[in-house]
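# Secondary and tertiary structure notes
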Amino acid sequence: MKKRKITALVMALVLGAVAFSGCGKKETESKYKIYYVNEEQGEVLAESFVPSEETTQTMLEEMTEKLNKKNAEGHTLLPENIEIQSCVDDDGMIRVVFNQEYHDLNPVDEVLLRASIVKDYVQIPNIYLVTITAEGTPIVDSQGQEIGAMSLDSISGRIAQQLYDGVILRGEGNCFS
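Predicted model only: the values in this text are computed from it and were never measured.

In terms of strand pairing, strand 3 (residues 84-90) meets strand 4 (residues 93-98) through six bridges, oriented antiparallel. When the bridges of strand 4 are listed, Cys-87 appears paired with Val-96. Counting the residues in the hairpin turn of strand 3 and strand 4 gives two residues, including Asp-91, whose phi is positive at 55°.

Take the pattern of salt bridges next. Within the structure shown, the criterion is met by four salt bridges. The shortest N-O distance in the salt bridge between Lys-69 and Glu-65 comes to 3.5 Å. Under the relative-accessibility criterion, Glu-65 is labelled partly exposed at 47%. A salt bridge links Arg-114 to Glu-110, with the shortest nitrogen-to-oxygen separation between them at 2.7 Å. Highlighted residues: Arg-114 and Glu-110, both in helix 3 (residues 107-121), separated by four residues, approximately one helical turn. Both residues of the pair, Arg-114 and Glu-110, belong to the buried class.

Okay, the sheet that holds strand 4 next. Ordered in space as 3-4-5-6, the four strands form an open sheet in which the pairing is mixed. The open sheet has two edge strands with one neighbour each: strand 3 and strand 6 (137-138). Where strand 5 (residues 129-134) and strand 6 come together, two bridges link them in antiparallel fashion. Bridged to Ala-134 within strand 6 is Thr-137. Contacts from helix 2 (residues 56-67) reach strand 3 and strand 4 within the one sheet, and its direction differs from that of strand 3 by about 160°.

Here we take up helix 3. With 15 residues, helix 3 ought to run about 21 Å at 1.5 Å a step, and its terminal C-alpha atoms sit 21 Å apart, in line with that. Within helix 3, the full set of buried residues consists of Val-108, Glu-110, Val-111, Leu-113, Arg-114, Ala-115, Ser-116, Ile-117, Val-118, Asp-120 and Tyr-121. For helix 3, the capping residue at the N-terminal end is Asn-106, with a side-chain oxygen 3.0 Å from the backbone nitrogen of Val-108.

On to the environment of Asn-71, then. In this structure, Asn-71 sits in the loop between helix 2 and strand 3. The class of Asn-71 is buried, set by a relative accessible area of 12%. Setting aside chain neighbours within four positions, we find Asn-71 in contact with Tyr-36 and Glu-47. A polar side-chain atom of Asn-71 sits 3.0 Å from a polar atom in the side chain of Glu-47.

For the rest of this paragraph, the subject is the environment of Arg-114. Relative accessible area serves as the criterion here: at 1%, Arg-114 is assigned to the buried category. In sequence terms Arg-114 and Met-150 are 36 residues apart; their C-alpha atoms lie 9.2 Å from each other.

Moving on: a negative patch on the surface. Residues Glu-83, Glu-101, Asp-104 and Glu-135 make up a contiguous surface patch of negative charge. Looking at where Glu-83 falls in the secondary structure, it is placed in the loop between helix 2 and strand 3.

Of all residues in the chain, 69% attain a pLDDT of 70 or more, and the chain-wide mean is 76. Counted against residues more than four places away or in other chains, residues 2-27, with its pLDDT under 50, gives zero contacts. Across residues 166-177 the pLDDT falls below 50, and counting only partners more than four positions away or on other chains, this stretch makes 15 contacts in the model.

As for its position among the elements, Asn-126 is in the loop between helix 3 and strand 5. Residues Asn-126 and Gly-92 lie 34 residues apart in sequence; the distance between their C-alpha atoms is 5.4 Å. Those residues in contact with Asn-126 that lie beyond four places of it in its chain are Thr-56 and Gly-92. One polar contact links Asn-126 to Thr-56, side chain to side chain, over a distance of 3.5 Å.

Conventions we followed
Residues numbered from 1 in each chain as written. Predicted model: local features only at pLDDT ≥ 70, side-chain atom pairs only at ≥ 80, totals over all residues. Heavy atoms only, no water. Pairing = 2+ DSSP bridges. Helix = DSSP H or I, 4+ residues; strand = E, 2+ residues; numbered from the N terminus. Salt bridge = Lys/Arg side-chain N within 4 Å of Asp/Glu carboxyl O. Buried < 20%, exposed > 50% of the residue type's maximum accessible area, 1.4 Å probe, protein only. Contact = heavy atoms within 4.5 Å. Axes fitted to C-alpha atoms, helices over the stretch in contact; angles between N-to-C directions. Expected span 1.5 Å × (residues − 1). Polar contact = N/O pair within 3.5 Å; in protein donor to acceptor, adjacent residues only side chain to side chain. Patch = residues over 30% accessible without salt bridge, like charges linked within 9 Å, V, L, I, M, F, W, Y side chains within 5 Å. Areas by Shrake-Rupley, 256 points an atom, 1.4 Å probe, with all protein chains shown as cover. Lys, Arg positive; Asp, Glu negative; His and termini not counted. Charge placed at Lys NZ, Arg CZ, Asp CG, Glu CD. pLDDT = per-residue confidence, 0-100.

Pasting the structure below:
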């Protein structure tokens, strides 16, 4: 009899814990994401981004700050020594200015970083295009042509071609390292 009471009490506690585990403060899931690279696993991870307010300027500032730092797990989108110096909204097109070390990226990392930056920033309301410079110098593709403004729609085909040109044709970088 005593054993049944203890079993019933334990089951009641377990059921109570399960029932109330969904109560309380839940982690906020946001419609915005910031992408980080897990170099050990060779994967890109998405993390929720919850801005303090959903205004273009606030979101630009907060996203840039987050991109320049490692997340709680120690992952970052930006390779070591690479940082965003400024990010300026020019009526729906932002100019992302990296430091000079951006030019030292291998072609594969540069193309993937560029695609991730565009994907991150075009989530922000009223941002449709992204241009990237390194200390004021426009970035160029594998043929030396200035990249110019990029949208989410324009990066997929362009990125695939540049990866092919930079990795396969020119033999620079290694997709699998």
